[in-house]
Amino acid sequence: MVNEIRSNEIALGLANAKERITSAAISVKRDPSEIALIVVTKTFPKSDVEILYELGIRDFGENRDQEGSLKADEFHLDAKWHFQGQIQSNKIKSILSWADVIHSLADLDHAKRINDRVFLAADKSNVSKIPILIQVSLDSDLVRSEGRNGIDPKEIEKFAESIMQFEGLELKGLMAVAPISEIPESAFARLAGIFSDFQRIYPDAKWLSAGMSGDFESAIHHGATHVRLGSSILGNRSYL
Ligand SMILES: *Cc1c(COP(=O)(O)O)cnc(C)c1O
């Protein structure tokens, strides 16, 4: 049973987000239909996902294997689940059982394990590749050395070349999260340059997944093709 108050609330948040996406695109003379909206449902209940589905949303983002797996289980077949969280080796098999796209690949060993799994799951004549994005770090060198938030921009070419050997992966593009220590406008401007260099080598990898609730307009100004929005549509997360 769908809660009507919640349903109206989400419909409003969604309409507002779509309007902002459209204005941001138009302000830089982009076609708004080029920009895909992924609604990030992490920490929100499956009933919200159902409401979003009824409102026409088909792309859902999740950060954690267990939560994503529970929500995606027996959900409408035409929905697409985007995994965008940190990958753990021991979760790869499970992630691949429900995720349709992986946005957060940043480790060669993970790439190899994902590839092995794709081939294990396939019958010999029919390998269905898993679409992946390389997560790029926009952090300063110092912050990057402390965390695992993506590949150093200087290393992307080499990393992409290494993962091209894995035939179970389909390289779709790049993903990034703006660092907290910098205004998004300047971080995404840098990302645009990184993406343009990358596209010279991989012209078929057309996705740029960037922009969250607090910064998606700026990401769109700088070429994002996929924005990942949670709280601006669903409200504040009560726990994390
Ligand atoms: C949580 C999350 C989002 C959505 O964040 P909001 O601020 O709620 O829009 C997008 N991308 C990633 C990688 C996230 O972890």
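Let us look at the structure shown here. Note that the structure is predicted; figures quoted are calculated from it, not measured.

## Some points on the side chain of R6
With respect to the helices and strands, the residue R6 is situated in helix α1 (residues 4–27). On the basis of relative accessible area, R6 is assigned to the buried category, the value being 17%. Here D48 takes part through its side chain, which lies 2.7 Å from a polar atom of the side chain of R6. A polar contact is formed between the side chain of R6 and the backbone oxygen of L234, at a distance of 3.0 Å.

## Examining the pattern of salt bridges
Under the definition given, this model contains 14 salt bridges. Between K112 and D116 there is a salt bridge, with its nearest N and O atoms 3.0 Å apart. One end of the pair is K112 and the other is D116, both in helix α5 (residues 108–121) and 4 residues apart, which spans about a single turn. The salt bridge involving D152 is made with K154; its shortest N-O contact spans 3.6 Å. Among the residues examined, D152 registers a relative accessible area of 17% and is labelled buried. When its relative accessible area of 62% is taken as the criterion, K154 is described as exposed. Each of the salt bridges in this network shares a partner with another, and the network as a whole consists of R6, E9 and D48.

## Quick notes on the packing of α1 against helix α2 (residues 46–54)
Running from N to C, α1 and α2 point in directions that differ by 60°, and their axes come no closer than 10 Å. As judged from the angle between their axes, α1 and α2 are oblique. Between α1 and α2 the crossing geometry is right-handed. Of the residues in α2, those touching α1 at R6, S7 and I10 are D48, I51 and L52. When its residues are assigned to classes, the contact of α1 with α2 shows 3 nonpolar, 1 polar and 2 charged.

## Focus on the site of the ligand
In the region of the ligand, the neighbouring residues are V40, K42, N63, Q84, M175, M212, S213, R228, L229, G230, S231 and R237. Measuring from an oxygen atom of the ligand, one finds a side-chain N or O atom of N63 at 2.7 Å. Side-chain polar atom of Q84 to a nitrogen atom of the ligand: 3.5 Å apart, as the coordinates give it. Notes on the ligand: free accessible area 390 Å², of which the protein chains cover 89%. Across the shell around the ligand, the residue classes break down as 4 nonpolar, 5 polar and 3 charged.

## Description of the pairing of strand β7 (residues 207–210)
The two faces of β7 match: W207 and S209 on one face and L208 and A210 on the other face are all buried. When strand β6 (residues 169–176) meets β7, the two strands line up parallel, connected through 4 bridges. Within the sheet, the bridge partner assigned to A176 lies in β7 and is A210. A crossover connection joins β6 to the parallel β7 through helix α8 (residues 184–201); in handedness this β-α-β unit is right-handed.

## Structural notes on the pairing of strand β2 (residues 59–62)
Relative to β2, strand β1 (residues 36–40) runs parallel, the two being bridged by 2 bridges. The residue bridging V40 from the neighbouring strand is G61, located in β2. In this region the chain leaves β1, passes through α2 and returns to the parallel neighbour β2; the handedness of that crossover is right-handed. Sheet topology note: the β2/strand β3 (residues 80–83) ladder contains 4 bridges and is parallel. Paired with D59 across the two strands is K80, which belongs to β3. The parallel pair β2 and β3 is bridged by helix α3 (residues 65–72), and the resulting crossover is right-handed.

What counts and how
- Residues numbered from 1 in each chain as written.
- Predicted model: local features only at pLDDT ≥ 70, side-chain atom pairs only at ≥ 80, totals over all residues.
- Heavy atoms only, no water.
- Helix = DSSP H or I, 4+ residues; strand = E, 2+ residues; numbered from the N terminus.
- Buried < 20%, exposed > 50% of the residue type's maximum accessible area, 1.4 Å probe, protein only.
- Polar contact = N/O pair within 3.5 Å; in protein donor to acceptor, adjacent residues only side chain to side chain.
- Salt bridge = Lys/Arg side-chain N within 4 Å of Asp/Glu carboxyl O.
- Axes fitted to C-alpha atoms, helices over the stretch in contact; angles between N-to-C directions.
- Parallel < 35°, antiparallel > 145°, perpendicular 65-115°, else oblique.
- Left-handed = near helix turned anticlockwise from the far one by under 90°.
- Contact = heavy atoms within 4.5 Å.
- Nonpolar A, V, L, I, M, F, W, Y, C, P; charged D, E, K, R; others polar.
- Near = heavy atom within 4 Å.
- Areas by Shrake-Rupley, 256 points an atom, 1.4 Å probe, with all protein chains shown as cover.
- Pairing = 2+ DSSP bridges.
- Right-handed = clockwise from strand over helix to strand, strands pointing away.

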